[in-house]
Amino acid sequence: MKTLHYGFLLTPNFTLITFSSAVEALRMANRTAEQELYRWFVLSLDDKPVSSSAALSFQPNYAFEKAAKLDLLFVCSGVRVKDNWNLQAAAALRQLSGNQAHIGSLCTGSYLLAKAGLLTDHRCTIHWENISSLREEFPRLQVSAELFEIDRHRYTCAGGTASLDLMLHLIRRDHGQEIAGAISEQFILERVRDVGDQQSISVRNLAPGAPDYLADCVSLMKNNISEPLFVEELAYYLNLSTRQLERAFQQHFRYSPSQYYLKLRLNAARDLLRNSGATVREISIETGFKSLQHFSKCYREHFNKRPTQERGVRPANELS
């Protein structure tokens, strides 16, 4: 049986849990099968050590110039992914693509693939915090909110532990359910998520015991950010009374439906402010506000800062 060679191209501030989850799945596949099904390598564009966002550094053990010989190369990124874009990265990734290489991404690495033009006409995904900004910057991309996407020679993954789900899917595809199932048992996984699973945190996790219609309502809200629905419309689509919907939101979220909806829209706006080049006015329209003044007022009340102060700001846990 042929040993598959996977490479992980690390970029500065890559997400450690995403990288390690992928590698651990391959390691456990070898252990379970008692043979070397996979061999993995660490790469960087300049062959120098790369530090993760957790400040742990990794030394490359495979020259990038040989990347075309790999069966699959994953671009691993994390916070401040736009800082990692340069002409060298573009040329390197495009050259690989020209060789018909199988190329993937973990976490925000999808941005680098999109910037290099390698995701055109392909379904793809990225970490949920970056979905809105990726769609805004590349409006022709087919960006989903699923855990991972496989479209021909492109493999994109949302990040976090979703890389473990992607690897288990590939292991099952290449070597069967028995090995993939044994790996999930070793890792004490209650459920292996697969193609079609969404990456957002479910309502059931946020509010255990919540009725199913609350999850459906939140999905309706998320799918109608730019043109918000009235609470009465949400209740109508769910075949509920307005009062019934309001009681359920108060019981399980301690918010009214309109307050919860506003929170979703403001979080989407913050993501666009931090990760897109759209103007504040454009973002206010994109997130369903009828006027810039109303948007600014709601933003200040919710985040205690003006929208313009969000430009170039990173969350505290992302600061170096």
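The numbering scheme is per chain: residues are counted from 1 as the chain's sequence reads. For this predicted model, a pLDDT threshold of at least 70 governs which residues receive local features, and a threshold of 80 or more governs which side-chain atom pairs are given and counted, while totals over whole chains, interfaces and linings are taken from all residues. For side-chain calculations, the full set of non-hydrogen atoms in the structure is used, while hydrogens and water are omitted.

Teacher, can you tell me more about the confidence of the model for the protein here?
Detailed conclusions should not be drawn from predicted coordinates in areas where pLDDT is low. With 95% of its residues at a pLDDT of 70 or more, the protein shows a mean pLDDT of 91. A residue's pLDDT is the confidence the predictor assigns to it, expressed on a 0 to 100 scale. When checking whether two residues touch, look at their non-hydrogen atoms; a contact exists if any pair is within 4.5 Å. Below pLDDT 50 for its whole length, residues 314–320 participates in eight contacts with residues either more than four positions away or in separate chains.

What should I look at first to understand the pattern of salt bridges in this one?
Pairs may arise between side chains of opposite charge once their charged atoms sit close together. Salt bridges are defined by distance alone: a side-chain nitrogen of Lys or Arg within 4 Å of a carboxyl oxygen of Asp or Glu. Tallying each qualifying case throughout the model produces 15 salt bridges. Across the salt bridge formed by Glu 137 and Lys 82, the nearest N and O atoms sit 3.4 Å from each other. Here the residue Glu 137 occupies a position in helix α4 (residues 131–137), and Lys 82 occupies one in the loop between β5 (72–76) and α2 (87–98), the gap between them amounting to 55 residues. Taking the relative accessible area as the measure of exposure, Lys 82 reaches 36% and is therefore partly exposed. Note that Glu 310 and Arg 274 form a salt bridge whose closest N and O atoms lie 3.1 Å from each other. Taken as a pair, Glu 310 in the segment after α13 (292–303) and Arg 274 in helix α11 (residues 257–275) lie far apart in primary sequence, 36 residues in all. Helix numbers and strand numbers start at the N terminus; a helix is a DSSP run of H or I with at least 4 residues, a strand a run of E with at least 2. Exposure classes here rest on a 1.4 Å probe applied to the protein chains alone. A residue is buried below 20% of its type maximum, exposed above 50%, and partly exposed in between.

I'm lost on the packing of helix α5 (residues 162–175) against helix α6 (residues 177–186) in this one. Help?
The packing of two helices is summarised by the inter-axis angle and the distance between the axes. Interaxial angles span 0 to 180 degrees and are taken between N-to-C directions of axes, which are lines fitted to C-alpha atoms, for helices over the stretch in contact. Closest axis-to-axis distance for the α5/α6 pair is 7 Å, and the angle between their directions is 150 degrees. Between α5 and α6, the crossing angle belongs to the class labelled roughly antiparallel. Contacts between α5 and α6 involve Leu 168, Ile 171, Arg 172 and His 175 on the former and, on the latter, Gln 177, Ile 179, Ala 180 and Ile 183. Classes in brief: Ala, Val, Leu, Ile, Met, Phe, Trp, Tyr, Cys and Pro nonpolar; Asp, Glu, Lys and Arg charged; the others, Gly included, polar. Tallied by class, residues from the contact of α5 with α6 come to five nonpolar, two polar and one charged. What sets the label is the angle itself: under 35 degrees gives roughly parallel, over 145 gives roughly antiparallel, 65 to 115 gives roughly perpendicular, and the rest give oblique.

Just checking my understanding: could you explain helix α10 (residues 242–253) for this structure?
Along an α-helix, residues three or four positions apart point the same way, because every turn accommodates 3.6 residues. End to end, α10 covers 16 Å across 12 residues, agreeing with the expected 16 Å (1.5 Å per residue, within 8%). Immediately beyond the C-terminal end of α10, within one or two residues, lies Arg 254, with a positive phi of roughly 60 degrees. To estimate how far a helix should reach, multiply one less than its number of residues by 1.5 Å.

Sorry, what's going on with the packing of aromatic side chains here?
Describing an aromatic ring pair means giving the distance of the ring centres and the angle of the ring planes. Aromatic pairing here means that ring centres of Phe, Tyr or Trp (its six-membered ring) are within 6.5 Å. Orientation follows from the plane angle: under 30 degrees is stacked, over 60 is edge-to-face, and everything else is tilted. Tallying each qualifying case throughout the model produces 17 aromatic pairs. Arranged with centres 5.7 Å apart and planes meeting at 85 degrees, the rings of Phe 14 and Phe 19 form a pair that is edge-to-face. For the residue pair Phe 14 and Phe 19, the accessibility class agrees, reading buried in each case. An angle of 25 degrees between the planes, with centres 4.6 Å apart, marks the rings of Phe 253 and Tyr 260 as stacked. Three or more aromatic residues joined by ring pairs form one cluster here, namely Tyr 6, Phe 8, Phe 14, Phe 19, Tyr 38, Phe 58 and Phe 74. Remark: a charge is flagged as sitting over a ring if the NZ atom of Lys or the CZ atom of Arg is within 6 Å of the ring centre and within 35 degrees of the ring normal. Against the face of Tyr 62 rests Lys 66, its NZ or CZ located 4.7 Å from the ring centre. The ring of Phe 289 is capped by Arg 265, whose NZ or CZ atom sits 4.3 Å from the centre of that ring.

Looking at this structure, I do not really get the nonpolar core. What am I missing?
The nonpolar side chains of a soluble globular protein tend to be buried, and buried together. Note on terminology: a nonpolar core comprises buried Ala, Val, Leu, Ile, Met, Phe, Trp, Tyr and Cys residues joined through side-chain atoms within 4.5 Å. The biggest cluster of nonpolar side chains holds 35 residues, and the ones touching the most others in it are Tyr 6, Phe 8, Phe 74 and Met 167. Of all the elements in the fold, those that place two or more residues in this core are β1 (4–10), α1 (16–33), β2 (38–43), β5, β10 (154–157), α5 and α6. Within the second largest apolar cluster, 29 residues are counted, among which are Phe 64, Ile 103, Leu 112 and Ile 131.

In this structure, what is going on with the pairing of β5? I would like to understand it.
In the case of a regular strand, side chains alternate between the two sheet surfaces. Of all the five residues making up β5, five are buried; the element is thus mostly covered by neighbouring parts of the structure. Residues Leu 72, Phe 74 and Cys 76 of β5 are buried on one face, and the alternating residues Leu 73 and Val 75, pointing to the opposite face, are buried as well. For two strands to be treated as a pair, DSSP must find no fewer than two bridges joining them. The pairing of β1 with β5 spans five bridges and is classified as parallel. Within the sheet, the bridge partner assigned to Leu 10 lies in β5 and is Cys 76. As judged from the four bridges shared by β5 and strand β6 (residues 103–106), these two strands associate in the parallel manner. When the bridges of β6 are listed, Leu 73 appears paired with Ile 103. Handedness of a crossover: with both strands directed away from the viewer, a clockwise path from the first strand across the helix to the second marks it as right-handed. In this region the chain leaves β5, passes through α2 and returns to the parallel neighbour β6; the handedness of that crossover is right-handed.

It is not clear to me how the packing of helix α8 (residues 212–222) against α11 should be interpreted in this structure. Could you clarify?
Relative orientation of the contacting elements α8 and α11 amounts to 45 degrees, with a least axis distance of 10 Å. Comparing their axes, α11 and α8 come out oblique. The two elements α8 and α11 cross, and the hand of that crossing is right-handed. Residue-level inspection shows Val 218, Leu 220, Met 221 and Lys 222 of α8 in contact with α11, the latter providing Pro 257, Tyr 260, Tyr 261 and Leu 264. Its residues assigned to classes, the contact of α8 with α11 shows seven nonpolar, no polar and one charged. It is the rotation of the near helix from the far one that decides the hand of a crossing: anticlockwise by less than a right angle makes it left-handed, clockwise makes it right-handed.

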